[in-house]
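# Observations on the model geometry
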Amino acid sequence: MIKFVMINKKDSSNFDFYSYTEQIMEKVKLDLNSNSLEFYSNKEAIRKATFEYKQTDFFVNFTVLATYETIQLKVDVILPSKDPSNLELHDLKIKIKDLMIDDWEQCVWLEDTQSELFAEELYKKVHNVENSLRRLINSIMFFELGGDWWEKYMPADLINKYNERSDKYRRRTPSFDNIHTNLMSIDTGDLTRILNFKTYKIKRNSFFRDPDGLNPFEDFAEPINVFSRDEKERLFIFQNLMNSIFFNTKSIEKLHPTLIRELKEQMEVDKNFWEDYFLPWFSCDFRKFDGLWSEFKTDRNHVAHNKLIDLRLRDKFNKSMNELQKLIADAEEKFDAYTETEAASYVEEIRFEAEVMERQQADDWRDTIEEATGIRILDESEIIYEFDEHLSTIFDHLRDMFYYRSDLEISYFETTLKEEAIIFIIEHNITRDDIKVSVLPDINSSAGELSTITLQVITNDKEEMFDIYYTNGEAEYNDEQTNYMPLVYDHWEVTSGLSKMEKFISSLVSSDFPEITEDQIASVPCRYCESRSVYFSEEDSDAESTLRYKTGECLNCGRVNTLGFCMRCDKTLNQEKDGLCDGCVAHMDAQ
């Protein structure tokens, strides 16, 4: 519902209610490009019309209030669907008002549910923007300066102002009478005062300082010769100011500017809140943020004081508040991520220090036992390190053993020895068969306990397990002899298991991984699986041959391919069809 009244027709001598309202609505119809306008009720003082605009129906009512002295024309614009956010409603009410405004002395807005809706929507955003900045300031200040930052650093006028206000609010809400609420009740404008606040400290070269243990005020009339000439002059000015104030306290009002200026000469910035605490999180400088916030304050007051809001002003408010909200939200997100990282780092640092201390105490205890008994009690990392040394030695030896084999690819992988993992692989470059060695660790660093590494060797059709062991030492304290006595001697059992594994792998390579060169691979693919791994030898292999493969046998699928023969000497050829071998071709060329 939109209601407004036009007051005092400028030229009322020939005012005709019917023709005037007819004329206004016809102009509205023309300007808004409407095809539907109908006055369905015509009374002496009231006219009612239906109007269609962009497929939306409206009611427009005109009521004339005339006396001998004045004429008033009341206008109601009604949207039957009761959707105050309808943009066509905005266009229609403004168009009617604009077409009438020049004919009347005043236009008084009585009711505008659309403007109220705009204000309601905007006020939620105002609330969110204000509270997000309050929340960010509180979070950063508590993190950087501690829980008493408000009382410790804020100026007295702010503290007194909001302590008094906060007390009233807390009395109304007893459930929150024991929490910190100062920033929740702070005025919008004072929030940027906090952002840009600075604290000061006395300069190192101030005449309030005493770097040499001398008192510069010892001889008040004639300052001692610890200052330069300029410093002496400033000191004399300050002394005269203080003399005047002590003599007549009322004089401070007149001398206040001079006193402030002289005190500033002795001070320097200690904490710059924006530079030190807020700038790292904001993606703009203070000047830009302060400008946006000043604009926001004006917009906020417009909304909070229930002023009329049209579509353009709503869009303008939304744009500026969205920009502010994004700046604050981004800063809050960056700061939250930083504090989470800092908290995690702090906890990790405490945990690390505790672990270091615990390890040091354990090392000291083990050193004491080893010194007294000769028994070693290793911790988990030491046991793993020793096992790893043995394993790397044996696998290095295996790698050296088959170093000459260009058809083998040998890989060694370092592992943590804390979970099952593949540690060693021998792969045939031609057949793609492989031998894999996995470690299955079971480490127990308790005193007197057994740790086992199981080495699992796996190939196509064979599998074997080999175990190596370490027994940790153990001792007990003898109260009668007041010393440690050995219970279990530490010892390693690795040689046998590693030697057996080495022999097994060596045997597998010899029997299942015959040495094959690239020259022994035919240049034709297998006609069955299309793999280019067909074995070729110029000498036919028989049943007693030591070679594992027959000429023409596919190393991938195992099926035998027929290769061509030399038509002169019957030698097998590296091709599918019969032909002549190189020797026969050379013999024939020589004839």
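This text goes with the structure placed above it.
Only a predicted model underlies this, so the values are computations on that prediction, with no experimental measurement involved. (Residues numbered from 1 in each chain as written. Predicted model: local features only at pLDDT ≥ 70, side-chain atom pairs only at ≥ 80, totals over all residues. Heavy atoms only, no water.)

## Focus: the environment of tyrosine 123
Let me state the cut-off plainly: Numbering of helices and strands runs from the N terminus, with a helix taken as a DSSP run of H or I at least four residues long and a strand as a DSSP run of E at least two residues long. Using a 1.4 Å probe on the protein chains alone, a residue whose accessible area is under 20% of its type maximum counts as buried, one over 50% counts as exposed, and one in between counts as partly exposed. By definition, residues are in contact when any of their heavy atoms lie within 4.5 Å.
Note that tyrosine 123 resides in helix α3 (residues 113–145). You can call tyrosine 123 partly exposed: its relative accessible area is 41%. If sequence neighbours within four positions are ignored, tyrosine 123 has contacts with Val303 and Ala304.

## Details of the sheet that holds strand β10 (residues 421–428)
Defined as follows: A strand pair is defined by DSSP finding two or more bridges across the two strands. Geometry is summarised by axes, namely lines fitted to C-alpha atoms with helices restricted to the contacting stretch, and by angles between N-to-C directions that run from 0 to 180 degrees.
Taking strand neighbours across the sheet as the criterion, the 6 strands line up as β9-β10-β11-β12-β13-β16 in an open arrangement whose pairing is antiparallel. Looking at which strands have only one partner, the edges of the open sheet turn out to be β9 (408–412) and β16 (491–493). In this sheet, neighbouring strand axes are inclined to one another by 15° on average, regardless of whether the strands run parallel or antiparallel. Two elements, strand β12 (residues 450–458) and strand β13 (residues 463–471), share 9 bridges in a ladder whose sense is antiparallel. Note on β13: the bridge partner recorded for threonine 452 is tyrosine 469. Running at roughly 170° to β9, helix α12 (residues 380–401) makes contact with β9, β10, β11 (434–442), β12, β13 and β16 of the sheet. On the sheet, helix α13 (residues 495–512) packs against β9, β10, β11, β12, β13 and β16 and is oriented at approximately 160° with respect to β13.

## Some words on unusual backbone geometry
Note: most residues except glycine have negative phi, and most peptide bonds are trans. Although it is not a glycine, threonine 482 adopts a positive phi angle of roughly 50°. Inspection of the secondary structure assignment puts threonine 482 in the loop between β14 (474–478) and β15 (483–488). Even without a glycine there, the phi angle at aspartate 570 is positive, about 65°. Relative to the elements of secondary structure, aspartate 570 occurs in the loop between α13 and α14 (582–590).

## Comments concerning α3
Quick reminder of the rule: The length a helix should cover is 1.5 Å for every residue beyond the first.
In a regular helix each residue adds 1.5 Å, so 33 residues correspond to 48 Å; α3 covers 47 Å between its end C-alpha atoms and thus fits that length. Positive backbone phi, at 95°, marks glycine 146, one or two positions downstream of α3.

## With respect to the sheet that holds strand β5 (residues 71–78)
Sheet strands line up and pair through hydrogen bonds in the backbone, either parallel or antiparallel. With respect to topology, 6 strands assemble into an open sheet ordered β2-β3-β4-β5-β1-β6, the strand pairing being antiparallel. Two strands close off the open sheet at either side, each with one partner strand: β2 (36–42) and β6 (104–112). Direction aside, the axes of adjacent strands within the sheet are offset by 20° on average. Running over the sheet, helix α2 (residues 87–100) touches β1 (2–9), β3 (46–53), β4 (56–66), β5 and β6 and is turned about 30° from β4.

## Here we look at the packing of α3 against helix α6 (residues 188–195)
Operational definition: For classification purposes, an angle smaller than 35 degrees is called roughly parallel, one larger than 145 roughly antiparallel, one from 65 to 115 roughly perpendicular, and anything else oblique. In this scheme the crossing of two helices becomes right-handed for a clockwise turn of the near helix relative to the far one and left-handed for an anticlockwise turn of less than a right angle. The classification used treats Ala, Val, Leu, Ile, Met, Phe, Trp, Tyr, Cys and Pro as nonpolar, Asp, Glu, Lys and Arg as charged, and all other residues, Gly among them, as polar.
At a minimum axis separation of 11 Å, α3 and α6 run at an interaxial angle of 30°. Considering the angle they form, α3 stands roughly parallel to α6. Every pair of crossing elements has a handedness; the one defined by α3 and α6 is left-handed. Here Glu130, Leu133, Arg134 and Ile137 of α3 come into contact with α6, specifically with Thr188, Leu191, Ile194 and Leu195. Taken together, the residues that form the contact of α3 with α6 break down as 5 nonpolar, 1 polar and 2 charged.

## Overview of α2
For α2, with 14 residues, the first-to-last C-alpha span of 21 Å sits near the 20 Å given by 1.5 Å per residue. Buried residues of α2: Glu88, Leu89, His90, Leu92, Lys93, Ile96 and Met100, and no others.

## Observations regarding the side chain of glutamate 88
For clarity, the cut-off: We treat Lys and Arg as the positive residues and Asp and Glu as the negative residues; His and chain ends play no part in the count. Throughout this description, the term salt bridge denotes a Lys or Arg side-chain nitrogen within 4 Å of a carboxyl oxygen of Asp or Glu.
Assignment of secondary structure puts glutamate 88 in helix α2. Within the buried core, glutamate 88 has no salt-bridge partner, and the shortest N-O distance to an opposite charge, that of lysine 54, equals 4.7 Å. If near-sequence neighbours (up to four positions away) are discounted, glutamate 88 is found in contact with Tyr53, Lys54, Thr56 and Phe58.

## Things to note about the pattern of salt bridges
A side chain of one charge can pair with a side chain of the opposite charge if their charged atoms are brought near each other. Inspection of every chain in the model, using the stated rule, returns 19 salt bridges. Taking the shortest distance from any N to any O, the salt bridge between arginine 314 and aspartate 315 comes out at 3.7 Å. Judged by relative accessible area, arginine 314 falls into the buried class, the value being 16%. One salt-bridge network, in which partners are shared between bridges, spans Glu130, Arg134 and Arg300.

## Some remarks on a negative patch on the surface
Under the convention used in this document: Grouping into patches uses exposed residues only, defined as over 30% relative accessible area, and leaves out salt-bridged ones; the cut-off is 9 Å for like charges and 5 Å for nonpolar side chains (Val, Leu, Ile, Met, Phe, Trp, Tyr). Per-residue and other accessible areas were derived by the Shrake-Rupley procedure at a 1.4 Å probe size, with only the shown protein chains allowed to occlude residues. Lys charges are placed at NZ, Arg charges at CZ, Asp charges at CG and Glu charges at CD.
Together, Glu144, Glu268, Asp270, Glu275 and Asp276 line one region of the surface with negative charge. Counting residues per element, the ones that place at least two in the negative patch are β8 (267–272) and α9 (273–278). Within the secondary structure, glutamate 268 is located in strand β8.

## Focus: the pairing of β1
Where burial is concerned, most of β1 is hidden: 6 out of the 8 residues are buried. Here β1 pairs with β6 via 7 bridges, running antiparallel. Each bridged residue has a counterpart across the sheet, and for phenylalanine 4 the counterpart in β6 is tryptophan 109. By the bridge criterion, 6 bridges tie β1 to β5 in an arrangement that is antiparallel. Its bridge partner lying in β5, valine 5 is registered against lysine 74.

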